[in-house]
Amino acid sequence: MRLHTAAPHDRLGPPAPSPAHATTAERALLLAVAALMALAALLPAAALPTGYHDFADQRAWLGLPHAIDVLSNLPFAAMGVWGLVWLRRVPPARIGAAQRGLAALFFVGLMATTLCSAIYHLAPDHAGLCIDRLGMSAAFAGLLGLAAADRISARAGVALAAFVALAAPATALIDGMAGNMTPWAVLQGGGLVLLAALAVRRPQPGALGFSIAGVIAFYAAAKALELADAPVFALTQHLISGHSAKHVMAALAAWPVVRALQRAAQAPANGAAALTIR
């Protein structure tokens, strides 16, 4: 962790106007999205692994089936509400309308994830998984759009969010109806690669300046826990499974965004240097 001071105009304030023509970064983002679309269309179809829905923790509680896998989705709702509370506290002049809207989409998507994932885990099957992914789509769209707006431009963020908001549900439905998870896997993996590429760029003037690397770290930890579902369940002596722990860790991926909103809301309005945590 490094503490440093940064002038407010480096992080907060009205966003710089977008140039009339596409910038190099915007064209690169467009090419990356086109490449992902080509991969999704050309890669061989793949089905879910056998036993995908057989999670380690099968326990019920007070009549609630798969209780911990269901209830462990509540942190998504908590982070969504917390994020919206802080977003409302940020003065209108501190961040642009595009980033404000994309952040709201991300937090609302987290709350939708709570509901849709809980529905899936009540009775895990392929149809329920499609519902689960539909809930995640809004969060994906908001996060990727917010990252692009933060590091490239507001219009790049809005365009990327619009694309993901359409593509993510479509790939979920393709898997649900045709049994082909390849497009969803490309979207999820490609989105992570895009985040990593955006993380190495500096925030734009007037941008929120949240830690994309922090988001990636939490997400990577969540995926590791998901892959270690049964081992984590055994290691914790059946206290919590890897999949349930994955829900909590994935919800924490919203923390870097919430922290940036806290800084924006609490930053002095007189132009004094703002304290940032990286």
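Right, let's get into the layout of surface pockets. Put simply, the largest pocket is a space of about 1,000 Å³. Lining the largest pocket are 46 residues, and of these Met 136, Gln 188, Lys 223, Glu 226 and Lys 246 lie nearest its centre. Elements with a contribution of two residues or more to the lining of the largest pocket: α5 (97-122), α6 (126-151), α8 (182-199), α9 (212-227), α10 (229-235) and α11 (242-252). Counting residues per element, the lining of the largest pocket draws most heavily on α6, at eight residues. Each residue belonging to the lining of the largest pocket can be placed in one class, and the counts come to 29 nonpolar, ten polar and seven charged.

Before going further, it helps to spend a moment on the nonpolar core. By size, the foremost hydrophobic cluster in this structure holds 51 residues, and its most contacted members are Phe 210, Val 257 and Leu 261. Considering each element in turn, this core owes the most residues, eleven residues, to α6. Discounting residues that sit within four places of it in the chain, Leu 261 has contacts with Gly 83, Trp 86, Leu 87, Val 90, Ile 95, Phe 107 and Leu 208.

Under the criterion given, the structure shown has six salt bridges. With a shortest N-O distance of 2.4 Å, Asp 175 and Arg 133 are connected by a salt bridge. Separated by 42 residues along the polypeptide, Asp 175 in helix α7 (residues 154-178) and Arg 133 in helix α6 bring together distant segments of the chain. Assessed through its relative accessible area of 5%, Arg 133 is described here as buried. Between Glu 226 and Lys 246 there is a salt bridge, with its nearest N and O atoms 3.5 Å apart. Of this pair, Glu 226 sits in helix α9 while Lys 246 sits in helix α11, placing them 20 residues apart in sequence. Both residues of the pair, Glu 226 and Lys 246, belong to the buried class. What you see here is one network of salt bridges that share partners, running through Lys 223, Glu 226 and Lys 246.

Criteria and thresholds
- Residues numbered from 1 in each chain as written.
- Predicted model: local features only at pLDDT ≥ 70, side-chain atom pairs only at ≥ 80, totals over all residues.
- Heavy atoms only, no water.
- 1 Å grid on protein atoms, 1.4 Å probe; cavity = no way out; pocket = protein on both sides within 12 Å on 5 of 7 lines; lining within 4 Å.
- Points joined across faces, edges and corners; volume = space filled by probe spheres on them.
- Helix = DSSP H or I, 4+ residues; strand = E, 2+ residues; numbered from the N terminus.
- Nonpolar A, V, L, I, M, F, W, Y, C, P; charged D, E, K, R; others polar.
- Core = buried A, V, L, I, M, F, W, Y, C linked by side-chain atoms within 4.5 Å.
- Buried < 20%, exposed > 50% of the residue type's maximum accessible area, 1.4 Å probe, protein only.
- Contact = heavy atoms within 4.5 Å.
- Salt bridge = Lys/Arg side-chain N within 4 Å of Asp/Glu carboxyl O.

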